[in-house]
Structure formats: structure tokens, C-alpha cells
Amino acid sequence: MGKIIAITNQKGGVGKTTTALNLSASLALANENILVIDSDPQGNLTSGFGMKKDQIKAGLYEVYTGKAAMEDAVHQTLIPNLYVVPTSMDLFLSEIELLEKADRETRLRAFLKPLKDRFRYILIDCPPSFGILTLNALVAAESVLVPVQCEFFAVEGLSLLIKLLWRIRGGFNETLDLEGILLTMFNRHLALSRQISEEVKRVFKSKVYDTIIPRNVILAESPSHGKPAVLYAPNSTGAQGYIALAKEILNEHNLLF
Ligand SMILES: Nc1ncnc2c1ncn2[C@@H]1O[C@H](COP(=O)(O)OP(=O)(O)OP(=O)(O)O)[C@@H](O)[C@H]1O
Ligand SMILES: [Mg+2]
């Protein structure tokens with residue numbers, strides 16, 4: 001049975017999409033069947049996989065509106081066992097259109113249920129907001145992975161997010177768990193980066209992954225080539241960071257079996 005993990009943080013530009021792109025690819029390269037869902041109308045994950053609008057017959061918006069079945073929105077990527085549900089800007093409309101539906105916050109959970117047996121992990125890339133799209137992701141997910149940029153106010157932002165998770169547990173998804181906190185864009189030459197990473201570890205302890213993603217220009221460059229960094233430049237420090245994270249996640253879960 002697959003595990004659904006929402007990659008979320010209400011703060012923008014912290015590395016959610018970069019993590020969705022490269023972690024999904026790294027897990028797939030470890031021979032796991034992986035599905036990653038672009039639940040951000042900005043569509044950065046979709047373009048990071050090199051998908052053009054005219055190639056997409058159905059995406060998440062079409063699924064939400066009932067114009068397409070989820071299976072038709074699942075597209076294969078460059079890695080044969082890695083699949084993506086892409087999105088277009090139309091998904092912005094869902095923020096309003098879903099409000100009229102009685103099952104507004106449980107739709108994604110229902111769409112993903114039949115797919116859970118096919119994939120070891122289903123990752124969801126969330127937008128930088130707490131709207132109905134993020135709510136759907138948090139209701140569908142078993143756990144959340146939170147990328148945190150090593151910068152000022154990281155801990156304040158995280159505390160707010162943890163409060164939101166408790167609220168979701170109290171109302172919509174009783175078993176929602178914190179999968180882990182991922183420190184991103186770490187610059188080992190900066191004292192600030194080191195201070196912030198120590199502070200986050202002090203507060204959130206074992207919930208923080210041992211793997212820290214370094215600041216590496218390859219991670220920013222590779223999406224413009226339509227590839228995750230782990231394919232574009234596998235030996236780069238950024239790609240190696242995500243490969244190490246995939247191993248950490250797989251090892252942790254294997255301990256449970
Ligand atoms: N480790 C890194 N090193 C260098 N650049 C990075 C790294 N991680 C992400 N970036 C770059 O920083 C920017 C923000 O990253 P990303 O798009 O992954 O964040 P996000 O949280 O998904 O943003 P949004 O909230 O807008 O969806 C992008 O240009 C990305 O390429
Ligand atoms: Mg993003």
C-alpha cells in the first residue's frame with residue numbers, strides 16, 4: 001500500500017517544488033514506483049519535468065472538474081517508473097469552483113484511493129498558501145514533508161504550520177503525521193545557515209532529516225532543461241543531497257517492515 005506525502009509550507013520559495021521534482025526522481029531511481037502530483041497552479045513541477053501545455057491531455061484541474069478520470073491525468077516521465085499528474089494555470093479556478101462542492105476538501109483523497117496500490121509513494125507538491133488545494137492535499141495525505149529554507153523566521157513559520165497540522169488532525173484527517181522537516185538551500189559558508197539549522201534541530205529534534213540540501217545552482221538550472229537535477233547532473237551536490245534524502249526515507253520506512 002502506497003504512502004501519500006504532501007510537500008508543504010505556506011512560505012513561498014523554500015524548495016517545495018525542487019524537493020517534489022528531485023525526491024520523486026531519486027525514489028524512482030531506487031526502483032520504487034512513484035507518483036508525483038502538481039497541486040500548484042503555478043505549474044512549476046509540470047514544467048520541471050519538461051511537459052508543455054499542448055502535450056497535456058488531462059491534468060489535475062480536469063480531474064477536479066470531472067472532465068477527466070485520474071488515470072487519464074497520470075503521465076509517464078523520463079524515468080519509466082516515475083509518473084506525474086501535471087497541472088495548468090486553470091487550477092487557479094479550482095480555488096473558487098471547489099468551494100461550491102459538498103465534498104470540497106475530500107476530493108483528492110477520493111481520486112487517489114484507487115491509485116494507492118500501484119505506487120510506493122505518492123508525493124503532492126502544494127502551493128504556498130492555505131487554500132482549498134492545500135487542504136485537499138492535507139486531507140489526502142498520511143504525512144507532510146516540510147522543506148525549510150535556512151534563513152531568518154524559519155522557526156516562526158514552522159510553528160504556524162505545526163498549528164495548522166494540529167487543526168487538520170482535529171477536524172479533517174485525524175491521523176495526519178509530520179513525516180519530516182527538510183533543511184534546504186544550506187550554505188555552509190554562512191554562519192546564519194548554520195545557526196538556523198541548529199535552531200530548527202533544537203526545536204524539532206528527530207523530526208528533522210539528517211540530510212540537508214545544500215544551495216546548489218544545478219538545482220535551479222535543471223528545471224529549465226526539463227529534467228530533475230538527479231538526471232541532469234547526478235554528481236552535483238544538489239542531486240546528491242536528494243539521493244541521500246531518498247535513501248534516508250526508504251531506510252526509515254524499511255525499519256517498520
Ligand atoms: N537547494 C537549492 N539551491 C539553489 N537553488 C534552489 C535550491 N532549492 C530551490 N532553489 C531555487 O529556489 C527557487 C525556489 O525554489 P522552489 O520553486 O523549489 O520553491 P517552492 O517552495 O516550490 O516555491 P513556491 O512557494 O513559489 O511554490 C527556485 O528558483 C529554485 O530553483
Ligand atoms: Mg513550488
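Shown above is the structure to which this text applies.
What comes next concerns the included structure. All of these numbers come straight from a predicted model, not from anything done at the bench.

A count of helical and extended segments in the protein chain gives twelve helices and seven strands. Computed over its C-alpha atoms, the radius of gyration of the protein chain comes to 17 Å, within 12% of the 18 Å expected for a compact globule of 257 residues. Projecting the C-alpha coordinates of the protein chain onto the three principal axes gives extents of approximately 50 × 40 × 35 Å. With 257 residues in all, the protein chain has 45% of them scored as buried.

Positive phi is not limited to glycine here, since Met 185 has a value of about 55 degrees. Relative to the assigned elements, Met 185 resides in the loop between strand 7 (177–184) and helix 9 (191–204). Here the phi dihedral of Lys 205 falls at roughly 45 degrees; this positive angle occurs in a residue that is not glycine. Along the chain, Lys 205 turns up in the loop between helix 9 and helix 10 (217–221).

A few words now on helix 1 (residues 16–29). Since one α-helical turn is 3.6 residues long, residues separated by three or four positions face the same way. Between its terminal C-alpha atoms helix 1 stretches 20 Å, which fits the 20 Å expected from 14 residues at 1.5 Å a residue. Along helix 1, 13 of the 14 residues are buried, which leaves the element largely enclosed by surrounding structure.

Every one of the 20 residues lining ligand 1 counts as a neighbour, but Lys 16, Thr 17, Thr 18, Pro 128 and Ala 220 are closest to it. Within the residue set of the shell around ligand 1, elements represented by two or more residues are helix 1 and helix 10.

Attention shifts here to the environment of Gly 12. Mapped onto the elements, Gly 12 comes out in the loop between strand 1 (3–7) and helix 1. Measuring from C-alpha to C-alpha, the distance between Gly 12 and Pro 128 comes to 5.0 Å, with 116 residues separating the pair along the chain.

Further remarks concern the sheet that holds strand 4 (residues 82–85). Pairing between the strands of a sheet is mediated by backbone hydrogen bonds and can be parallel or antiparallel. Taken in spatial order, the seven strands make up an open sheet running 3-4-2-5-1-6-7, and their pairing is mixed. Strands at the two margins of the open sheet, each flanked by one partner only, are strand 3 (75–76) and strand 7. Bridge count between strand 2 (residues 34–38) and strand 4: four bridges; the pairing is parallel. Each residue of the ladder has a partner; that of Leu 35, found in strand 4, is Tyr 83. Packing of helix 1 onto the sheet brings it into contact with strand 1, strand 2, strand 4, strand 5 (121–125), strand 6 (143–149) and strand 7, and relative to strand 5 it is tilted by some 165 degrees.

What you see with strand 4 is no split at all: Leu 82 and Val 84 on one side and Tyr 83 and Val 85 on the other are buried throughout. The sheet contact formed by strand 3 and strand 4 spans two bridges and is antiparallel. Bridged to His 75 within strand 4 is Val 84. The hairpin formed by strand 3 and strand 4 contains five residues between the paired strands.

Turning next to the pairing of strand 6. Burial of strand 6 is extensive: six of the seven residues sit out of reach of the surface. In terms of strand pairing, strand 1 meets strand 6 through three bridges, oriented parallel. Pairing of Ile 7 across the sheet is with Leu 145, part of strand 6. As paired elements, strand 6 and strand 7 share seven bridges and run parallel to each other. Bridge pairing in strand 7 links Val 146 to Ile 181.

Calculation rules
Residues numbered from 1 in each chain as written. Chains lettered and ligands numbered in written order. Predicted model: local features only at pLDDT ≥ 70, side-chain atom pairs only at ≥ 80, totals over all residues. Helix = DSSP H or I, 4+ residues; strand = E, 2+ residues; numbered from the N terminus. Rg over C-alpha atoms; globule rule 2.2 N^0.38 Å. Buried ≥ 20, exposed ≤ 12 C-beta atoms within 10 Å, placed from the backbone. Expected span 1.5 Å × (residues − 1). Near = placed C-beta within 6 Å. Pairing = 2+ DSSP bridges. Contact = placed C-beta atoms within 7 Å. Axes fitted to C-alpha atoms, helices over the stretch in contact; angles between N-to-C directions.

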